[in-house]
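Here are the chains, one letter per residue:
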Amino acid sequence: MGISIAICETDSDASMCKVNKTTFVKVYLGNVGGYEDYAEADLVISGPESKAVMDKDWEAFCKRNRVDPAAEVIYVAKVKNEADRAKLTPFAKKNYTGWVFVDKVPADVARKIIDKSSPDDRLTGWDMVSFEEMGETCKKCGLSWDDGRGCIGTFGPENSLLPGIASKLGLPIIANAVESSKAKKVFSSDDAKELLKEVAVLREKLPNEGKAIVHRYSGVLDRLEKMANISIKYRTNFYFV
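Residues numbered from 1 in each chain as written. Predicted model: local features only at pLDDT ≥ 70, side-chain atom pairs only at ≥ 80, totals over all residues. Heavy atoms only, no water.

Draft legend 1. Focus on the pairing of strand β1 (residues 2-7). Along β1, five of the six residues are buried, which leaves the element largely enclosed by surrounding structure. Sheet topology places β1 next to strand β7 (residues 152-157); five bridges connect them, and they run antiparallel. Opposite isoleucine 5, over in β7, you have glycine 153 as the bridge partner. Relative to strand β9 (residues 238-240), β1 runs antiparallel, the two being bridged by three bridges. Bridge pairing in β9 links alanine 6 to tyrosine 239. (Buried < 20%, exposed > 50% of the residue type's maximum accessible area, 1.4 Å probe, protein only. Helix = DSSP H or I, 4+ residues; strand = E, 2+ residues; numbered from the N terminus. Pairing = 2+ DSSP bridges.)

Draft legend 2. Just the side chain of serine 15, in detail. Mapped onto the elements, serine 15 comes out in the loop between β1 and α1 (18-21). What serine 15 contacts, discounting residues up to four positions off in sequence, is Glu9, Cys141 and Leu143. (Contact = heavy atoms within 4.5 Å.)

Draft legend 3. Structural detail: the state of the cysteines. Applying the stated rule across the entire model yields zero disulfides. Considering cysteine sulfurs only, cysteine 151 is the nearest to cysteine 17, which forms no disulfide, with 5.8 Å between them. Residue class for cysteine 17 comes out buried when judged on its relative accessible area of 8%. (Disulfide = S-S within 2.5 Å.)

Draft legend 4. Representation of the sheet that holds strand β8 (residues 186-187) within the structure. The strand order across the open sheet formed by four strands is β7-β1-β9-β8, and the pairing between neighbours is antiparallel. In this open sheet, the two strands that pair with only one neighbour each are β7 and β8. Contacts from helix α11 (residues 211-234) reach β1, β7 and β9 within the one sheet, and its direction differs from that of β1 by about 25°. (Axes fitted to C-alpha atoms, helices over the stretch in contact; angles between N-to-C directions.)

Draft legend 5. Helix α10 (residues 189-205), seen in detail. Between its first and last C-alpha, α10 extends 25 Å over 17 residues, near the 24 Å set by a 1.5 Å rise per residue. For α10, the complete set of buried residues consists of Ser189, Ala192, Leu195, Glu198, Val199 and Leu202. One side of α10 carries all its buried residues, which in axial view fall inside an arc of 130°. Looking at α10, the residues exposed on the side facing more than 90 degrees away from the buried face are Lys197 and Glu204. Looking at the buried side of α10, the elements it contacts are α7 (162-168), α8 (172-175), β8, α11 and β9. (Expected span 1.5 Å × (residues − 1). Arc of directions from axis to C-beta.)

Draft legend 6. View of the nonpolar core. Core analysis: the largest hydrophobic core is formed by 34 residues, its most contacted members being Phe155, Ile174, Leu195, Leu224 and Phe240. Of all the secondary-structure elements, those providing two or more residues to this core are β1, α7, α8, α9 (177-183), α10, α11 and β9. If you tally residues by element for this core, the top one is α11, at nine residues. When residues no more than four places from it in sequence are discounted, the contact partners of phenylalanine 240 are Ile3, Ser4, Ile5, Phe155, Ile173, Ala177, Ser180, Ser181, Phe187 and Leu224. (Core = buried A, V, L, I, M, F, W, Y, C linked by side-chain atoms within 4.5 Å.)

Draft legend 7. Structural view of the pattern of salt bridges. Counted under the stated rule, the structure contains 18 salt bridges. In this structure, aspartate 84 and arginine 64 form a salt bridge, with 2.7 Å as the shortest nitrogen-oxygen distance. You can see aspartate 84 sitting in helix α4 (residues 82-88) and its partner arginine 64 sitting in helix α3 (residues 58-65), a full 20 residues away along the chain. For aspartate 84, a relative accessible area of 5% puts it in the buried group. Of the charged contacts, one joins glutamate 204 and lysine 205 as a salt bridge, the two residues approaching to 4.0 Å between their closest N and O atoms. Glutamate 204 sits in the exposed class, given a relative accessible area of 56%. Looking at lysine 205, the relative accessible area reads 34%, which means it is partly exposed. If you follow the salt bridges from partner to partner, you end up with Asp146, Asp147, Arg149 and Lys226 in one network. (Salt bridge = Lys/Arg side-chain N within 4 Å of Asp/Glu carboxyl O.)

Draft legend 8. Layout of the layout of surface pockets. When its volume is computed, the largest pocket comes out at roughly 220 Å³. If you trace the largest pocket, you find 17 residues lining it, with Glu9, Lys21, Cys138, Gly150 and Cys151 closest to the centre. Listed by contribution, the elements that provide at least two residues to the lining of the largest pocket are β1 and α6 (131-140). Grouping the amino acids of the lining of the largest pocket by side-chain chemistry returns ten nonpolar, four polar and three charged. (1 Å grid on protein atoms, 1.4 Å probe; cavity = no way out; pocket = protein on both sides within 12 Å on 5 of 7 lines; lining within 4 Å. Points joined across faces, edges and corners; volume = space filled by probe spheres on them. Nonpolar A, V, L, I, M, F, W, Y, C, P; charged D, E, K, R; others polar.)

Below you can see the structure in the form of structure tokens.
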């Protein structure tokens, strides 16, 4: 199992993803009864009904829209021809997906909807952003400590030798990185100051473990140092995960 190091980026208002990550866009309820006005739905029409509506134009309709003539259900949004969509829409029915939008509803209603959902069934604005957009945001964000790639980076495998070395030197934060990950422990920006001291000690003492060890863990120390400096600068918590 791999262990990573990360800051709690939403602790800081300087985080360019904070608004998106702290704003729910939609949640999954399954049964949207009572919230139909806010629920996500697909307009669908059965294959036989579609054929009846299109009548003599059915074969041409299927060809120009790449629709399987034997389809049991047709999603109106996937019909390519605008005129065909307009013709089918009055006969289509809403097929609710189970998701309910909460970003544009009254706050009191949104809270009720969110409370009805499981924490695992909630999507924020960040969840709706493409990987390309995420990458561009991270490149511009001051909290993106891992060379512009984001605010989380690699510590190493669970069997890394670095915690053991840190333990021998009396450096508790790095020594207990794996255990902290499992316990989901969160460290403060004041702890980050102590982490910088631990990194300094390891830079000094690692050569005693051999050149191979120095080569293997110098990158990890660089990342720990960068993360700690950002934690201190922006007063964010950090953790191992």
